[in-house]
Amino acid sequence: MEQFDVLVLGGGPGGYLAAERAAHKGLKTALFEKRALGGVCLNEGCIPSKALLNSAKTYVHALHSADYGVTCAGVAIDQQKVIARKNKVVRTLVSGVKAKMKAAGVTVIHAEAVLDGKEGELFRVKAGDEVYTGKNVIIATGSSNAVPPLPGLQENLGGFVLTNREILDLEQLPGSLTVIGGGVIGLEMACYYACVGVKVTVVEMLDHIAGATDLEISKMLQKELENKGVTFLLSHKVLSVAPSAVTVETPEGSKLTLNSDKALLSIGRRANCQGIGLETVGVKADRGIPTDSFCRTNVDGIYAIGDVNGKYMLAHTAYREAEVAVAHILGKPDTMRYHANPSVIYTFPEIGSVGKTEEQCKEKGIDYEVKKLSMMYSGRFVAENEGADGLCKILVDKKRRTVLGVHLIGAYCGEMIWGAAEMLEMSLRVTDARQIIFPHPTVSEIIRETLWEFPD
Ligand code: NAI
């Protein structure tokens with residue numbers, strides 16, 4: 001029975017970063033992963049979807065090359081090559097994670113790990129035929145695709161109905177695709193498949209797409225995706241599934257059957273807190289494992305980071321939670337703050353947002369002021385994005401003059417939202433933020449320009 005300082009359950013972004021940070025600081029660390037290192041994000045989520053989306057972007061650019069004075073003949077999408085390249089990207093990055101673990105001195109155990117009570121002061125974890133003990137445990141077991149109890153759904157999963165896993169491996173393009181759920185996964189995949197010529201219909205039960213995104217921005221995205229050929233059925237709820245058919249309820253209450261070659265199920269994810277032995281050590285869980293600002297669970301010495309705590313389900317949030325949990329184990333001061341947690345939707349145009357939306361400000365009764373500028377105010381945007389537009393929208397606390405939220409739609413927004421997050425993190429006032437020098441010409445200057453729209 002080998003003894004460790006830290007046992008990390010799950011090798012996704014939260015888990016592998018926690019293991020690396022802990023081992024770097026001299027803690028004897030074991031990382032348990034039953035599948036591939038990198039978790040859903042690297043193997044069947046964030047990274048492969050970005051590889052696909054970039055292929056679509058290249059294809060669309062080639063189709064519209066004449067707008068830029070470039071002649072391209074015989075432009076076509078080769079789906080098998082797209083998937084092969086995506087697989088190569090994933091392989092490269094997974095081996096990068098492996099190399100990092102090795103360099104940091106993390107013991108990687110390729111097996112399913114289950115908590116198994118305590119041995120004196122130490123926590124026990126079973127993996128395969130072995131038992132490991134540790135002073136601390138970091139649970140980073142992630143989340144799984146939510147599968148609601150809809151008639152016909154279970155029987156058609158993996159065949160007609162795909163999840164985020166299979167949709168990234170289709171070597172033959174379907175003629176048509178019904179996307180169930182107009183959230184982040186649904187929209188990114190709708191964007192890819194529509195751009196490469198698939199007839200895409202998105203069914204969303206809410207009256208808007210993109211969940212909690214600022215409504216004005218989500219409406220702009222909807223229009224852009226409609227221009228790419230996506231049909232949206234909003235306020236439509238999925239009732240049942242049959243081979244090649246998804247039946248939905250219309251806002252008027254009648255039934256409508258949508259026929260397509262494939263369907264994608266993307267209606268959210270559920271924290272993986274079942275079957276990992278939480279009850280053997282007394283960790284409480286509900287829809288996720290509740291944690292405090294140090295990422296501690298209700299049991300001393302056990303932490304929960306990433307999707308499994310049910311808070312944000314974003315890889316970058318998991319990274320930060322990993323650092324906070326390890327800092328707490330080391331007795332260093334660090335706490336989790338979520339108010340400046342950015343989010344990105346990698347459709348084209350991209351959405352980058354951080355902080356409060358206009359709807360949230362209204363709901364909370366916050367006295368705010370809003371300013372907006374079209375992306376056409378950015379020289380680089382105009383030079384590089386023929387015929388496109390976008391928006392920068394900034395919300396400011398009317399009395400304190402601090403930045404409350406920044407919401408962007410347009411090319412490169414995902415790359416520049418971190419700067420806006422920094423403004424929120426540092427509680428910058430409009431006058432402080434204006435003093436930042438932005439490089440010119442960049443699209444990010446749109447943030448600076450919008451800040452100057454506010455009165456002093
Ligand atoms: P989501 O929560 O983003 O969206 C699910 C959507 O499905 C919601 O709009 C919901 O109203 C709708 N829905 C639920 N039940 C329905 C029904 N019966 N009929 C029609 N619509 C229904 O979940 P999604 O897209 O599956 O993503 C899962 C997680 O992965 C999210 O937590 C997200 O943060 C993360 N993710 C993040 C990405 C990013 O940061 N760019 C990319 C992909 C995923």
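Residues numbered from 1 in each chain as written. Predicted model: local features only at pLDDT ≥ 70, side-chain atom pairs only at ≥ 80, totals over all residues. Heavy atoms only, no water.

### Examining the packing of helix H1 (residues 13-24) against helix H10 (residues 315-329)
As a packed pair, H1 and H10 sit with axes 8 Å apart at the nearest point and diverge in direction by 30°. One way to sum up the angle between H1 and H10 is to call them roughly parallel. By crossing handedness, the relation of H1 to H10 is classed as right-handed. Contacts between H1 and H10 pair Pro13, Gly14, Tyr16, Leu17, Ala18, Arg21 and Ala22 from the former with Ala315, Ala318, Tyr319, Ala322, Glu323 and Val326 from the latter. (Axes fitted to C-alpha atoms, helices over the stretch in contact; angles between N-to-C directions. Helix = DSSP H or I, 4+ residues; strand = E, 2+ residues; numbered from the N terminus. Parallel < 35°, antiparallel > 145°, perpendicular 65-115°, else oblique. Left-handed = near helix turned anticlockwise from the far one by under 90°. Contact = heavy atoms within 4.5 Å.)

### Here we look at the domain arrangement of the chain
According to the domain assignment, the chain contains domain 1 (2-144 + 270-336), domain 2 (153-267) and domain 3 (340-451). Each of domain 2 and domain 3 was reduced to a C-alpha centroid, and the two centroids are 29 Å apart. Between domain 2 and domain 3, the contact holds 17 residues from the first and 18 residues from the second. For the pair domain 2 and domain 3, the two sides together bury roughly 1500 Å², of which 69% comes from carbon and sulfur. (Domains from an automatic or database assignment. Buried area = accessible area lost by both parts, 1.4 Å probe.)

### Quick notes on the pattern of salt bridges
Using the criterion set out here, one finds 23 salt bridges in the structure. The closest approach of N and O atoms between Arg380 and Glu384, which form a salt bridge, is 2.8 Å. Within this pair, Arg380 and its partner Glu384 are both found in helix H12 (residues 379-384), separated by four residues, close to a single helical turn. Of the residues examined, Arg380 reaches a relative accessible area of 32% and is grouped as partly exposed. Classification of Glu384 by relative accessible area gives partly exposed; the value is 31%. Asp456 is the salt-bridge partner of Arg434, the closest N and O atoms lying 2.5 Å from each other. On the criterion of sequence distance, the pair formed by Arg434 in the loop between helix H14 (430-433) and helix H15 (445-451) and Asp456 in the segment after H15 is long-range, its members being 22 residues apart. Taking the relative accessible area as the measure of exposure, Arg434 reaches 6% and is therefore buried. With relative accessibility at 75%, the residue Asp456 sits in the exposed group. (Salt bridge = Lys/Arg side-chain N within 4 Å of Asp/Glu carboxyl O. Buried < 20%, exposed > 50% of the residue type's maximum accessible area, 1.4 Å probe, protein only.)

### Quick notes on the sheet that holds strand S11 (residues 231-234)
In space, the five strands of this open sheet follow the order S8-S15-S9-S10-S11, with parallel pairing throughout. Here the strands that pair on one side only, and so sit at the sheet edges, are strand S8 (161-162) and S11. As defined by bridge partners, S8 adjoins strand S15 (residues 262-265) across two bridges and the pair is classed as parallel. The residue of S15 that forms the bridge with Leu162 is Leu264. Strands strand S9 (176-180), strand S10 (199-204), S11 and S15 of the sheet are contacted by helix H7 (residues 184-195), whose axis makes an angle of about 165° with S10. (Pairing = 2+ DSSP bridges.)

### Here's the deal with the site of the ligand
Neighbouring the ligand are 20 residues, the closest being Ile185, Glu188, Glu204, Gly268 and Val344. A distance of 3.0 Å separates a nitrogen atom of the ligand from a polar atom in the side chain of Glu188. The separation between a nitrogen atom of the ligand and a polar main-chain atom of Val238 is 3.3 Å. Protein contact buries 81% of the 850 Å² of open area that the ligand shows by itself. No other element matches H7, which puts four residues into the shell around the ligand. Among the residues making up the shell around the ligand, the classes are represented as 11 nonpolar, six polar and three charged. (Near = heavy atom within 4 Å. Polar contact = N/O pair within 3.5 Å; in protein donor to acceptor, adjacent residues only side chain to side chain. Areas by Shrake-Rupley, 256 points an atom, 1.4 Å probe, with all protein chains shown as cover. Nonpolar A, V, L, I, M, F, W, Y, C, P; charged D, E, K, R; others polar.)

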